[in-house]
Amino acid sequence: EQDLEHEEDIKSKMYARAEEGEEDIGLDPDEVPLYAEKEWRESDALRYADEQEQRYLREEREVDPEHLKIDTAVLSTIGGAIMDALEPEEDRLRILDRHEIVLTSPGAPDVLETQKQFDAHRGWNVVVETQDPWESNRTLRGRLIDRNSMDVLINVQGRMVTIPQNFVKCVRLPSARRSQDP
């Protein structure tokens, strides 16, 4: 209620100063507040910032794959910098004697995309995910025989299966099976 009254009070007052050639209406600048109360301005600013943050979080953003790539040269430089920073304190802290510093990348991607990747993995087990307009999507597992501009050929239990490229969603290497320790 107080904020609404204050808002109406502000709307009823004139804030523009008289310009050259205009008649001064005789308002005392000290009596007319130029801004709303400080508390009111801060709550509006916080509410606006929260709304902006919520809009940003709801917004769909495309991820650029170039930003996800890991530069191994940079990892090596970082590892060297860590080792260099720890060496002067090694006698006192003995970190490098007790610990090993290992910086790794996630490794090679399991999805085959380029012809070079397909050629390198010829004869390997692969998983081919299909996608078609009839929603009869399937996942086929077999050995990669070939990929050309028209088809992906795999051997599924001794039978050659030809999958048209326009139905191939992705070709990936099967995930490694982990051995279970007894």
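In this convention, every chain numbers its residues from 1, walking through the sequence in written order. pLDDT decides what is reported in this predicted model: residues at 70 or higher carry local features, side-chain atom pairs at 80 or more are listed and counted, and totals for whole chains, interfaces and linings draw on all residues regardless. Where side-chain values are given, they derive from all heavy atoms of the structure, hydrogens and water being excluded.

1. Thoughts on the nonpolar core
A general tendency of soluble globular proteins is for nonpolar side chains to be buried together. Going by this rule: Among the buried residues, those of types Ala, Val, Leu, Ile, Met, Phe, Trp, Tyr and Cys that are joined through side-chain atoms within 4.5 Å form a nonpolar core. Here's how the labels work: a residue is buried when its accessible area is under 20% of the maximum for its type, exposed when over 50%, partly exposed in between, all with a 1.4 Å probe on protein chains only. Per the convention used, a helix needs a DSSP run of H or I reaching at least four residues, while a strand needs a run of E reaching at least two, with both numbered from the N terminus. Pairs of residues are marked as contacts when any of their non-hydrogen atoms sit within 4.5 Å.
Counting residues in each nonpolar core, the largest one holds 13 residues, and the members touching the most others are Leu112, Val126, Val128, Leu144, Ile154 and Val171. For this core, the leading source of residues is strand β4 (residues 151-156), giving three residues. Beyond its immediate chain neighbours, meaning those up to four positions away, Ile154 contacts Val126, Val128, Leu140, Arg141, Gly142, Arg143, Leu144, Ile145, Arg159, Met160, Val161 and Ile163.

2. Concerning the sheet that holds strand β2 (residues 125-130)
Pairing between the strands of a sheet comes from backbone hydrogen bonds, and it takes one of two forms, parallel or antiparallel. Test applied: What makes two strands pair is DSSP finding at least two bridges between them.
In space, the six strands of this open sheet follow the order β1-β6-β2-β3-β4-β5, with antiparallel pairing throughout. If you trace the sheet from one side to the other, it starts and ends with β1 (111-112) and β5 (159-164), each paired once. In terms of strand pairing, β1 meets strand β6 (residues 168-172) through two bridges, oriented antiparallel. Among the inter-strand pairings, Val111 is bridged to a residue of β6, identified as Arg172.

3. Considering the environment of Arg94
Rules: Residues adjacent in sequence count toward polar contacts only when both atoms are side-chain atoms; beyond that, a polar contact is any pair of N or O atoms within 3.5 Å, and within protein one must be able to donate a hydrogen and the other to accept it.
In this fold, Arg94 is placed in the loop between α5 (90-93) and α6 (95-98). Overall, Arg94 belongs to the partly exposed group, its relative accessible area being 43%. A polar atom in the side chain of Arg94 sits 2.6 Å from the side chain of Asp97.

4. Focus on the packing of aromatic side chains
Threshold: For this analysis, a ring pair means two rings from Phe, Tyr or Trp (six-membered ring only for Trp) whose centres lie within 6.5 Å, classed as stacked if their planes differ by under 30 degrees, edge-to-face if by over 60, and tilted for the remaining angles.
A complete count under the given rule lists one aromatic pair for this structure. On the basis of an interplanar angle of 70 degrees and a centroid distance of 6.0 Å, the ring pair of Trp134 and Phe167 is categorised as edge-to-face. With Trp134 in the loop between β2 and β3 (139-147) and Phe167 in the loop between β5 and β6, this pair connects stretches of sequence that are 33 residues apart. Trp134 sits in the exposed class, given a relative accessible area of 62%.

5. A look at the side chain of Thr130
Note on placement: Thr130 falls in strand β2. Look at Thr130 and you get buried, because its relative accessible area is 11%. Within the structure, the side chain of Thr130 is placed 2.8 Å from the backbone nitrogen of Arg138, a separation counted as a polar contact. Setting aside chain neighbours within four positions, we find Thr130 in contact with Ser136, Asn137, Arg138, Ile163, Phe167 and Lys169.

6. Comments concerning the pattern of salt bridges
Convention followed: Think of a salt bridge as a Lys or Arg side-chain nitrogen and an Asp or Glu carboxyl oxygen that are within 4 Å of each other.
With the rule as written, the count across this model stands at six salt bridges. For Arg172, the salt bridge is made with Glu129, and the minimal N-O distance between the two is 2.9 Å. Linking Arg172 in strand β6 with Glu129 in strand β2, this pair joins segments that are 43 residues apart in sequence. Using a relative accessible area of 22% as the deciding quantity, one classes Arg172 as partly exposed. Within the structure, one salt-bridge network assembled from shared partners comprises Asp119, Arg122 and Asp146.

7. Re the confidence of the model for the protein chain
What counts here: What pLDDT reports is the predictor's confidence in each residue, on a scale of 0 through 100.
When pLDDT is averaged along the protein chain, the result is 78; 68% of the residues meet or exceed 70. Mean pLDDT values for the elements of the protein chain range from 64 in helix α3 (residues 65-68) up to 96 in β4. Scored below 50 in pLDDT, residues 178-182 shows zero contacts in the model against residues more than four places distant or in partner chains.

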